[in-house]
Amino acid sequence: MADLGRQLQEYLAQSKAAAAAGGSSAAPAPPPAGCSQEETGSGGGLGAWLGPLNPFQPGRGAPPAVAAPGSGPSSGSSWPWATEADPCLLGLSRWQRLAGSGLCLLLAALCFGLAALYAPLLLLRARKFALLWSLGSLCALGAAALLRGPARLLREPGRGSLLYLGALGGTLYAALGLRSTLLTALGAAVQLGAAAAA
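First things first, this report covers the structure right here in the doc. (Residues numbered from 1 in each chain as written. Predicted model: local features only at pLDDT ≥ 70, side-chain atom pairs only at ≥ 80, totals over all residues. Heavy atoms only, no water.)

## So, the pattern of salt bridges
Spelled out, the test is: The term salt bridge refers to a side-chain nitrogen of Lys or Arg lying within 4 Å of a carboxyl oxygen of Asp or Glu. Only runs of H or I of at least four residues qualify as helices and only runs of E of at least two qualify as strands under DSSP, and these elements are numbered from the N terminus. When accessible area is computed with a 1.4 Å probe and restricted to protein chains, residues below 20% of their type maximum are described as buried, those above 50% as exposed, and intermediate ones as partly exposed.
Applying the stated criterion to the full structure yields two salt bridges. Of the charged contacts in the structure, one is a salt bridge between Asp 3 and Arg 6, with a shortest N-O distance of 2.4 Å. Highlighted residues: Asp 3 and Arg 6, both in helix α1 (residues 2-22), separated by three residues, approximately one helical turn. Close ionic contact of Arg 6 with Glu 10 constitutes a salt bridge, the shortest N to O distance being 2.8 Å. You can see Arg 6 and its partner Glu 10 sitting in helix α1, four residues apart, about one turn around the helix. Assessed through its relative accessible area of 42%, Arg 6 is described here as partly exposed.

## Digging into the packing of aromatic side chains
Note the threshold: For Phe, Tyr and Trp, rings pair up if their centres lie within 6.5 Å, where Trp contributes its six-membered ring, and each pair is then called stacked (planes under 30 degrees apart), edge-to-face (over 60) or tilted (otherwise).
The tally for this structure, following the rule as stated, stands at two aromatic pairs. Aromatic pair Phe 112 and Trp 133: ring centres 4.7 Å apart, planes at 55 degrees, arrangement tilted. One end of the pair, Phe 112, is in helix α4 (residues 94-118); the other, Trp 133, is in helix α5 (residues 126-148), and 21 residues separate them in sequence. Both rings, one in Phe 129 and one in Trp 133, keep their centres 6.2 Å apart while their planes meet at 20 degrees; by these two values the pair is stacked.

## Quick word on the packing of α5 against helix α8 (residues 181-197)
For clarity, the cut-off: Every axis in this analysis is a line fitted to C-alpha atoms, fitted for helices over the stretch in contact. Angles between the N-to-C directions lie between 0 and 180 degrees. Roughly parallel here means an angle under 35 degrees, roughly antiparallel means over 145, roughly perpendicular means 65 to 115, and every remaining angle is called oblique. Working rule for handedness: look at the near helix, and if it is turned counterclockwise from the far one by less than a right angle, call the crossing left-handed; if clockwise, right-handed. Residues are treated as being in contact if the distance between any of their heavy atoms lies within 4.5 Å. Only Asp, Glu, Lys and Arg are considered charged in this grouping, and only Ala, Val, Leu, Ile, Met, Phe, Trp, Tyr, Cys and Pro are considered nonpolar; every other residue, Gly among them, is considered polar.
Packing of α5 against α8 brings their axes to within 9 Å, and their N-to-C directions diverge by 40 degrees. Between α5 and α8, the angle is such that the two are oblique. Crossing hand, α5 versus α8: left-handed. Residue-level contacts link Ala 126, Arg 127, Ala 130, Trp 133, Ser 134 and Ser 137 of α5 to Thr 181, Thr 184, Ala 188, Gln 191 and Leu 192 of α8. Split by residue class, the contact of α5 with α8 holds five nonpolar, five polar and one charged.

## As for unusual backbone geometry
Positive phi, close to 55 degrees, is recorded for Arg 179, a residue that is not glycine. When you line up the elements, Arg 179 lands in the loop between α7 (159-178) and α8.

## Quick notes on α5
The line we're drawing: Given a helix with a known number of residues, its expected span is that number minus one, times 1.5 Å.
Taking 1.5 Å of rise per residue, 23 residues should cover 33 Å, and α5 covers 33 Å from first to last C-alpha, within 8% of that figure. Among the residues of α5, those classed as buried are Ala 126, Phe 129, Ala 130, Leu 132, Ser 134, Gly 136, Ser 137, Cys 139, Ala 143, Ala 145 and Leu 146.

## Structural notes on α8
Heads up, the rule is: N or O atoms within 3.5 Å of each other form a polar contact, as long as, within protein, one can give a hydrogen and the other can take it, and as long as residues adjacent in sequence are counted only when both atoms are side-chain atoms.
Relative to the 24 Å expected for 17 residues at 1.5 Å per residue, α8 spans 24 Å between its end C-alpha atoms, a close match to the ideal helical length. Those residues of α8 that are buried are in contact with α5 and α7. For α8, the N-terminal capping position is held by Ser 180, with its side-chain oxygen 3.3 Å away from the main-chain nitrogen of Leu 183.

## Things to note about the side chain of Gln 191
As for its placement among the helices and strands, Gln 191 is situated in helix α8. Taking the relative accessible area as the measure of exposure, Gln 191 reaches 1% and is therefore buried. Of the polar contacts made by the side chain of Gln 191, one reaches the side chain of Ser 134; its length is 3.2 Å. Within the local environment of Gln 191, its side chain forms a polar contact with the side chain of Tyr 164, the two groups lying 3.4 Å apart. Ignoring any residue separated from it by four or fewer positions in sequence, one finds Gln 191 in contact with Trp 133, Ser 134, Ser 137, Tyr 164, Ala 167, Leu 168 and Thr 171.

## Here we look at the state of the cysteines
Defined as follows: Any cysteine sulfur atom paired with another within 2.5 Å is treated as part of a disulfide.
If you walk through the whole model with that rule in mind, you get zero disulfides. Unpaired in this structure, Cys 139 has its nearest cysteine sulfur neighbour in Cys 111, at a distance of 5.1 Å.

## Some details on a nonpolar patch on the surface
Our working definition: Patch members must show over 30% relative accessible area and no salt bridge, and they are joined within 9 Å when carrying like charges or within 5 Å when they are nonpolar side chains of Val, Leu, Ile, Met, Phe, Trp or Tyr. Accessible surface is estimated by sampling points in the Shrake-Rupley manner with a 1.4 Å probe; for residues, cover comes only from the protein chains shown.
Together, Leu 163, Tyr 173, Leu 178, Leu 183, Leu 186 and Val 190 line one region of the surface with nonpolar side chains, adding up to about 570 Å² of accessible area. At the level of elements, α7 and α8 are the ones that each hand at least two residues to the nonpolar patch. Positionally, Leu 178 belongs in helix α7.

Here it is in structure tokens:
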């Protein structure tokens, strides 16, 4: 492990030396308007590793940062969050929101898959099944909130949505806080009923 850390430090030192030698004549260009340093991939850390995978880099067919509705040929193909910034997610770029949403969807699929493994043992392990199912639902809602924005999702919630969120919270509280199998099963039943009604 120490060898890996030493190799990383040597690589970073070489990169900085090459950047200083090559970039000493001219200052680096600032990122384009509407793009953060993380979005361009030129920053250090995780952005440097994931930068080549970023589909929203300038010059790669990225949607415009600000576009008037109905203006230009690309208005029909722009992303739903390209024109309206969510007040709850001000510090996140589109790439970070997309990556976070993908991670939440993977976690949701993992939780749903593990819950499906407990389905044959539903009578014996009802609390674990309900807990995994509820955590999968929570991760899926988190993915939708990252894509569309939490303020946009909660702007005008319907009665079914509020019932589902209440049942989801109640199921998690009964499974984690109270550790009651009966209340967990009741919350899961209400949760499934609310999802079916919506």
